[in-house]
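# Summary of structural features
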Amino acid sequence: MPSFKPFAAAANTLRGRLSPSLRTRGGGGGGPSRWTSPGHEDRPKGFALNRTPLPPGESRKWEDWELPCYITSFLAIVILGVGLNAKPDLTIETWAHQKALERLELEASQSVESD
(Lines give C-alpha, C1' and ligand atoms only; values in the text may rest on other atoms or scores of the structure.)
Protein backbone atom coordinates (compact mmCIF):
# COMPACT_ATOMS: atom_id res chain seq x y z
CA MET A 1 0.00 0.00 0.00
CA PRO A 2 1.44 3.41 -0.95
CA SER A 3 2.31 5.96 1.69
CA PHE A 4 0.25 9.13 1.96
CA LYS A 5 3.04 11.16 3.60
CA PRO A 6 4.04 13.00 0.37
CA PHE A 7 0.43 14.02 -0.19
CA ALA A 8 0.09 15.23 3.39
CA ALA A 9 3.31 17.25 3.09
CA ALA A 10 2.12 18.86 -0.15
CA ALA A 11 -1.27 19.68 1.40
CA ASN A 12 0.37 21.27 4.44
CA THR A 13 2.64 23.37 2.21
CA LEU A 14 -0.28 24.52 0.09
CA ARG A 15 -2.38 25.26 3.18
CA GLY A 16 0.45 27.32 4.65
CA ARG A 17 0.77 29.42 1.50
CA LEU A 18 -2.96 29.97 1.12
CA SER A 19 -3.90 30.60 4.75
CA PRO A 20 -2.72 34.26 4.95
CA SER A 21 -4.89 35.19 1.98
CA LEU A 22 -7.83 33.21 3.39
CA ARG A 23 -7.65 34.92 6.77
CA THR A 24 -8.29 38.38 5.36
CA ARG A 25 -11.81 39.08 4.19
CA GLY A 26 -12.30 40.25 0.65
CA GLY A 27 -9.16 38.61 -0.69
CA GLY A 28 -6.58 40.98 0.73
CA GLY A 29 -5.92 44.41 2.13
CA GLY A 30 -6.56 45.59 5.64
CA GLY A 31 -9.68 47.64 4.89
CA PRO A 32 -13.32 46.65 5.25
CA SER A 33 -14.57 43.93 2.97
CA ARG A 34 -17.37 44.32 0.50
CA TRP A 35 -19.57 41.98 2.57
CA THR A 36 -19.65 44.01 5.76
CA SER A 37 -20.09 47.65 6.60
CA PRO A 38 -20.05 49.59 9.86
CA GLY A 39 -23.85 49.55 10.12
CA HIS A 40 -24.28 45.78 10.33
CA GLU A 41 -24.63 43.89 13.56
CA ASP A 42 -21.79 41.64 14.65
CA ARG A 43 -23.98 38.85 16.01
CA PRO A 44 -27.58 37.86 15.32
CA LYS A 45 -30.18 38.50 18.01
CA GLY A 46 -31.32 34.89 18.09
CA PHE A 47 -34.92 35.49 17.06
CA ALA A 48 -36.76 34.40 13.91
CA LEU A 49 -35.81 36.63 10.96
CA ASN A 50 -33.60 38.59 13.37
CA ARG A 51 -36.62 40.50 14.77
CA THR A 52 -37.15 41.17 18.43
CA PRO A 53 -40.56 40.05 19.72
CA LEU A 54 -43.29 42.68 20.09
CA PRO A 55 -44.67 43.63 23.49
CA PRO A 56 -47.76 41.67 24.57
CA GLY A 57 -51.00 42.90 23.01
CA GLU A 58 -49.29 44.68 20.09
CA SER A 59 -49.65 43.37 16.53
CA ARG A 60 -47.07 43.61 13.80
CA LYS A 61 -47.68 46.08 10.95
CA TRP A 62 -47.53 44.70 7.44
CA GLU A 63 -44.75 45.97 5.22
CA ASP A 64 -45.50 47.58 1.85
CA TRP A 65 -44.56 44.52 -0.20
CA GLU A 66 -46.56 41.94 1.75
CA LEU A 67 -50.13 42.54 0.52
CA PRO A 68 -49.28 42.63 -3.23
CA CYS A 69 -47.07 39.57 -2.80
CA TYR A 70 -49.77 37.57 -1.01
CA ILE A 71 -52.47 38.58 -3.51
CA THR A 72 -50.26 37.72 -6.48
CA SER A 73 -49.28 34.37 -4.97
CA PHE A 74 -52.92 33.45 -4.28
CA LEU A 75 -54.02 34.42 -7.80
CA ALA A 76 -51.14 32.47 -9.36
CA ILE A 77 -52.13 29.35 -7.41
CA VAL A 78 -55.79 29.72 -8.46
CA ILE A 79 -54.92 30.31 -12.12
CA LEU A 80 -52.53 27.35 -12.18
CA GLY A 81 -55.02 25.10 -10.41
CA VAL A 82 -57.85 25.92 -12.79
CA GLY A 83 -55.65 25.93 -15.88
CA LEU A 84 -53.93 22.63 -15.16
CA ASN A 85 -57.21 20.90 -14.35
CA ALA A 86 -58.86 22.18 -17.54
CA LYS A 87 -56.07 21.30 -19.96
CA PRO A 88 -56.90 18.71 -22.63
CA ASP A 89 -55.62 15.17 -22.24
CA LEU A 90 -53.10 14.79 -25.06
CA THR A 91 -51.24 11.70 -23.88
CA ILE A 92 -50.38 8.94 -26.31
CA GLU A 93 -52.30 6.40 -24.21
CA THR A 94 -55.54 8.37 -24.52
CA TRP A 95 -55.08 8.76 -28.27
CA ALA A 96 -54.36 5.04 -28.68
CA HIS A 97 -57.41 4.13 -26.58
CA GLN A 98 -59.67 6.30 -28.73
CA LYS A 99 -58.24 4.81 -31.93
CA ALA A 100 -58.75 1.28 -30.58
CA LEU A 101 -62.40 2.07 -29.75
CA GLU A 102 -62.91 3.49 -33.25
CA ARG A 103 -61.47 0.31 -34.81
CA LEU A 104 -63.68 -1.90 -32.63
CA GLU A 105 -66.76 0.09 -33.64
CA LEU A 106 -65.73 -0.13 -37.31
CA GLU A 107 -65.23 -3.91 -37.05
CA ALA A 108 -68.56 -4.29 -35.25
CA SER A 109 -70.38 -2.29 -37.92
CA GLN A 110 -68.72 -4.28 -40.72
CA SER A 111 -69.66 -7.60 -39.12
CA VAL A 112 -73.27 -6.46 -38.75
CA GLU A 113 -73.42 -5.41 -42.41
CA SER A 114 -71.94 -8.71 -43.63
CA ASP A 115 -74.49 -10.76 -41.68
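Residues numbered from 1 in each chain as written. Predicted model: local features only at pLDDT ≥ 70, side-chain atom pairs only at ≥ 80, totals over all residues. Heavy atoms only, no water.

Going by the annotation in an unreviewed UniProt entry, the name recorded for the protein chain is NADH:ubiquinone reductase (H(+)-translocating), with Handroanthus impetiginosus given as the source organism.

## Observations regarding the packing of aromatic side chains
In this description, a pair of aromatic rings is defined by centroid distance and the angle of the planes. For the record, the criterion: Only rings of Phe, Tyr and Trp enter the pairing, Trp through its six-membered ring, and a pair is recorded when the two centres are within 6.5 Å. The plane angle decides the type: under 30 degrees is stacked, over 60 is edge-to-face, the rest tilted.
Throughout the structure, instances matching the rule amount to 1 aromatic pair. Arranged with centres 5.5 Å apart and planes meeting at 80°, the rings of tryptophan 62 and tyrosine 70 form a pair that is edge-to-face.

## Some remarks on the side chain of glutamate 66
Quick note on the threshold: Every helix listed is a DSSP run of H or I at least four residues long, and every strand listed is a run of E at least two residues long, numbered separately from the N terminus. The contact rule is simple, with two residues in contact once any of their heavy atoms fall within 4.5 Å.
Structurally, glutamate 66 is set in helix H2 (residues 66–86). Setting aside anything within four residues of it in sequence, one finds glutamate 66 in contact with Arg60 and Lys61.

## Points about the pattern of salt bridges
This is how the line gets drawn: Take a side-chain nitrogen of Lys or Arg and a carboxyl oxygen of Asp or Glu: if they are within 4 Å of each other, that pair is a salt bridge. Accessible area is worked out with a 1.4 Å probe on protein chains only. A residue is then buried under 20% of its type maximum, exposed over 50%, and partly exposed in between.
Taken as a whole and assessed by the stated rule, the structure comprises 2 salt bridges. Arginine 60 is the salt-bridge partner of glutamate 66, the closest N and O atoms lying 3.2 Å from each other. Classification of glutamate 66 by relative accessible area gives buried; the value is 4%. The partner of glutamate 102 in a salt bridge is lysine 99, with the nearest N and O atoms 3.7 Å apart. Separated by 3 residues within a single helix, glutamate 102 and lysine 99 lie in helix H3 (residues 92–114), roughly one turn from each other. Overall, the relative accessible area of 45% leaves glutamate 102 in the partly exposed class.

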